[in-house]
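# Observations on chain architecture
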Amino acid sequence: MALKKLVVAALVAMTLGGCAKTIKLSDVDAKTISKSTVKPVKNRHVKESHINTHGIQHGLLGVVVTTAMNAASGAYGEMASIPAAKHDPQTAMRERLTKYLQKTHKFRFKGTIKGPYSKPTISEEQRAKALTKLARETGYSGYYLDVSTVFYQSIMEGAGWFADLAYRYRGRALLVSAKDGKILAASTCDVTDHSDLSDLAGKGQKSVDRFARNLGYACAEQVIQKIF
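So, here is what we can say about the structure in this document. (Residues numbered from 1 in each chain as written. Predicted model: local features only at pLDDT ≥ 70, side-chain atom pairs only at ≥ 80, totals over all residues. Heavy atoms only, no water.)

The full count for this structure, using the stated rule, is 1 disulfide. With its sulfur 2.0 Å from that of its partner, C189 forms a disulfide with C219. Between C189 and C219, the disulfide has an S-S torsion of 105° and is therefore right-handed. Here C219 lies in helix α8 (residues 205-227) and C189 lies in strand β6 (residues 183-196), a separation of 30 residues in the sequence. Pair check on accessibility: C189 and C219 agree, each one buried. (Disulfide = S-S within 2.5 Å. Helix = DSSP H or I, 4+ residues; strand = E, 2+ residues; numbered from the N terminus. Buried < 20%, exposed > 50% of the residue type's maximum accessible area, 1.4 Å probe, protein only.)

Here's what the structure looks like:
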């Protein structure tokens, strides 16, 4: 079951990564948007998936040795004791982008809305279409800043006494016109951060939440460099 989760997670990451697009915000569009209002989209919380080391890349012997080392060292127990983050990286990402766009492009943000999506992993075009439909229903004619999680994983790397934990996060940011659904800016970002497994297990919730926030901030910085 755990190996199946690892394979599925990898396939999902590859599939979603392949359909991502990058659109840089033009100076003309930035000026036009600054004369209107922008609503940030608050999307559903996406919990990270915990994935243990299996050594599958080294064949059957690798699986046996890795499993034995993790069991003997207590690495599996430490991995299981690490709590899921209560803070969602996309929240920190959205906050950072909002502050940047206010300061740099003079965007005027007005309230927030919940993401009108049936599932969190739909394409950029589907998201823009859903936002346009929402705008018609609510009479909104400004712009949307849609920040969301593509995937969020915590993966044990190494084995036994040498194991550590890698947090991998991919986020996505879209700037969409409510009037016609045109995507004026779009980008994904990919961040990986590592922590000693024993250290993180000992520090608990606060440390995990700090990692989540830092992943979001780092992702936002990538988006800023790419499209804003």
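Where helix α5 (residues 89-105) contacts α8, the axes come no closer than 7 Å and their chain directions differ by 40°. When the axis of α5 is compared with that of α8, the two are oblique. As for how α5 packs across α8, the hand of that crossing is right-handed. Between α5 and α8, the residues in contact are P89, A92, M93, E95, R96, L97 and Y100 and A212, R213, L215, G216, Y217, C219, A220, E221, V223 and I224, respectively. Here the residues of the contact of α5 with α8 are counted per class, giving 12 nonpolar, 1 polar and 4 charged. (Axes fitted to C-alpha atoms, helices over the stretch in contact; angles between N-to-C directions. Parallel < 35°, antiparallel > 145°, perpendicular 65-115°, else oblique. Left-handed = near helix turned anticlockwise from the far one by under 90°. Contact = heavy atoms within 4.5 Å. Nonpolar A, V, L, I, M, F, W, Y, C, P; charged D, E, K, R; others polar.)

Moving on: the pairing of strand β4 (residues 143-157). Of all 15 residues in β4, 14 are buried; the element is thus mostly enclosed. Sheet analysis places strand β1 (residues 38-42) next to β4, joined by 4 bridges and oriented parallel. Bridge pairing in β4 links K39 to Y144. Bridge count for strand β2 (residues 49-51) against β4 is 3 bridges, and the pairing is parallel. Following the sheet pairing, S49 is matched in β4 by Q153. In this sheet, strand β5 (residues 164-177) lies alongside β4 in antiparallel orientation, the contact comprising 14 bridges. Within β5, the residue paired with T149 across the bridge is G171. (Pairing = 2+ DSSP bridges.)

A separate point is the packing of aromatic side chains. Tallied over the full model, the rule gives 4 aromatic pairs. A centroid spacing of 5.2 Å and a plane angle of 50° characterise the contact between Y140 and Y144, whose relative ring orientation is tilted. When its relative accessible area of 14% is taken as the criterion, Y140 is described as buried. Given the relative accessible area of 1%, Y144 is considered buried. The ring of Y140 carries the charged tip of K39 above its face, separated from the ring centre by 5.3 Å. Looking at R127, its charged tip hangs above the ring of Y117, at a distance of 4.0 Å from the centre. (Phe/Tyr/Trp six-rings, centres within 6.5 Å; stacked < 30°, edge-to-face > 60°. Lys NZ or Arg CZ within 6 Å of the ring centre and 35° of its normal.)

Turning our attention to the environment of S187. Looking at the element boundaries, S187 is found in strand β6. The sequence separation of S187 and A220 amounts to 33 residues, and the corresponding C-alpha distance is 10.0 Å. If near-sequence neighbours (up to four positions away) are discounted, S187 is found in contact with K21, G171, R172, A173, V223, K226 and I227.

So, on to the nonpolar core. Counting residues in hydrophobic clusters, the biggest one holds 40 residues, and the most contacted among them are L25, M93, L97, Y167, L175 and F228. Counting residues per element, the ones that place at least two in this core are α2 (27-34), α5, β4, β5, β6, α7 (197-203) and α8. Among the elements that line this core, the one with the most residues is α8, at 9 residues. Among all residues touching Y167, those that are not within four sequence positions of it are E48, I82, Y152, Q153, S154, V191, T192, D193, L200, V208, F211 and L215. Ranked by size, the runner-up nonpolar core spans 16 residues in total, among them V41, L134, V176 and I183. (Core = buried A, V, L, I, M, F, W, Y, C linked by side-chain atoms within 4.5 Å.)

The subject of this paragraph is α5. Spanning 17 residues, α5 covers 24 Å between terminal C-alpha atoms, matching the ideal 24 Å at 1.5 Å per step. Residues of α5 that are buried: P89, Q90, A92, M93, R94, L97, T98, Y100, L101 and H105. Packing partners of the buried residues in α5 comprise α2, β1, β4, β5, β6 and α8. (Expected span 1.5 Å × (residues − 1).)

Per the stated rule, a full pass over the model turns up 8 salt bridges. The closest approach of N and O atoms between E157 and R168, which form a salt bridge, is 2.6 Å. Taken together, the positions of E157 in strand β4 and R168 in strand β5 put the pair 11 residues apart, joining distant regions of the chain. We classify E157 as partly exposed; its relative accessible area is 23%. Note that D199 is salt-bridged to K203, the shortest N-O span being 3.4 Å. Of this pair, D199 and K203 both sit in helix α7, 4 residues apart, which is roughly one turn of the helix. (Salt bridge = Lys/Arg side-chain N within 4 Å of Asp/Glu carboxyl O.)

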